[in-house]
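Per-entry structural report
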Amino acid sequence: MGILVDHVSKYFGDFKAVDHVSVEIETGSLVALLGPSGSGKSTLLRLIAGLEQPDSGRIFLTGRDATFESVQKRGIGFVFQHYALFKHLTVRQNISFGLEIQKQPKARIKNRVEELLELVQLSGFGNRYPAQLSGGQRQRVALARALALEPQVLLLDEPFGALDAKVRKDLRSWLRKLHDTVHVTTVFVTHDQEEAMEVSDEIVVMNHGRVEQVGSPAELYDNPASPFVMSFIGPVNVLRSTAPIFRQIGYPSNGNGSDVFLRPHDVIVELQPNLDSVPATVFRVIHLGWEIQAEVTLEDGQTFTIHLSREQFDCLKLEPHQQVYVKPKEAKSFAA
């Protein structure tokens, strides 16, 4: 067992930031805490770190009760969104800082720092100062510093939130490779669904201080447990159950709610009518390079989005105001 959060709650005044949360994180896994702002994910991370104390419940780290242990005794490495590097110290000195505080032998410190510089792909940057590095390089230094003390658990709070999209994408791939090398139990907070799905073994979806669902990226996408999870994990259209597109196939039978959830890629588009398709009008076509998005309007005025591959679009050659015929491959509803 890596981390066990057992019925933990945390209040800030009258506001319940974490509401009876229970989560188990396997040793050596990489888990994302995913949710919108205010969902409690950062508070839960700080509770695991010991930066906050729970009002109720227990927290176990590697099998021991760490609920009231100090931060120093928990064996945790923590990486913040804004690096928190010492500006007046070189990269090498930043990484070695914790080891020097522990008064470890100089030879041990030197070897450990060089090993980490190579691990985070910054060999040759050891004598530079943070101001001489890019944002992505500074975040890698922060990770190296957190790993220097060989923590049992690594916690990352929105680690790539301050970086531009291209650098975030590169660092996500790098973090996954790094984790596969060091196998430290890692928990990271993010509000970016794509980031969570690309990097993590398992995702904990949070909303209003509670856990909505826990599962692998594929499980959450294919079998969401609630409307919130389906809406938050991947793009989705929400249509009324009376929409013409559902008329021929019948209302989805797995619930009795008034809304039906339809993934943009689960729509078949044809140029000619058939028995189970309904007419729609193309409102807008958006070219994203790797895929095409088409916004279409049904006869009852409801508008939704369809995702098409380049090959599909080249066959259909959709244009605004064009009439097409659509039908769902799959849709999902939830009990009210």
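Scroll up to find the structure.
What counts as what
- Residues numbered from 1 in each chain as written.
- Predicted model: local features only at pLDDT ≥ 70, side-chain atom pairs only at ≥ 80, totals over all residues.
- Heavy atoms only, no water.
- Salt bridge = Lys/Arg side-chain N within 4 Å of Asp/Glu carboxyl O.
- Helix = DSSP H or I, 4+ residues; strand = E, 2+ residues; numbered from the N terminus.
- 1 Å grid on protein atoms, 1.4 Å probe; cavity = no way out; pocket = protein on both sides within 12 Å on 5 of 7 lines; lining within 4 Å.
- Points joined across faces, edges and corners; volume = space filled by probe spheres on them.
- Nonpolar A, V, L, I, M, F, W, Y, C, P; charged D, E, K, R; others polar.
- Pairing = 2+ DSSP bridges.

1. Overview of the pattern of salt bridges
With the rule as written, the count across this model stands at 19 salt bridges. Across the pair Asp-19 and Lys-16 runs a salt bridge, and its minimum N-O distance is 3.2 Å. Taking the shortest distance from any N to any O, the salt bridge between Arg-240 and Asp-300 comes out at 3.9 Å. Remark: Asp-300 occurs in the loop between strand 15 (291-298) and strand 16 (303-309) and Arg-240 occurs in strand 11 (residues 237-240); sequence separation between them is 60 residues.

2. Description of the layout of surface pockets
Reported here for the largest pocket is a volume of approximately 740 Å³. Sorting the residues of the lining of the largest pocket by element identifies strand 6 (76-79), helix 2 (91-101) and helix 4 (135-148) as the ones contributing at least two each. Of the residues contributing to the lining of the largest pocket, the split by class is 18 nonpolar, six polar and two charged. The wall of the second largest pocket is formed by Gln-193, Glu-194, Met-197, Tyr-221, Gly-234, Pro-235, His-265, Trp-290, Glu-291, Gln-293 and His-307. Those elements that provide at least two residues to the lining of the second largest pocket are helix 6 (193-199) and strand 15. Looking at the lining of the second largest pocket element by element, the count peaks at three residues for helix 6. Across the lining of the second largest pocket, the residue classes break down as four nonpolar, five polar and two charged.

3. With respect to the pairing of strand 12 (residues 259-262)
In this sheet, strand 12 lies alongside strand 11 in antiparallel orientation, the contact comprising four bridges. Bridge pairing links Leu-239 to Val-260 in strand 12. Relative to strand 18 (residues 332-333), strand 12 is paired through two bridges, and the arrangement is antiparallel. Bridge pairing in strand 18 links Val-260 to Ser-333.

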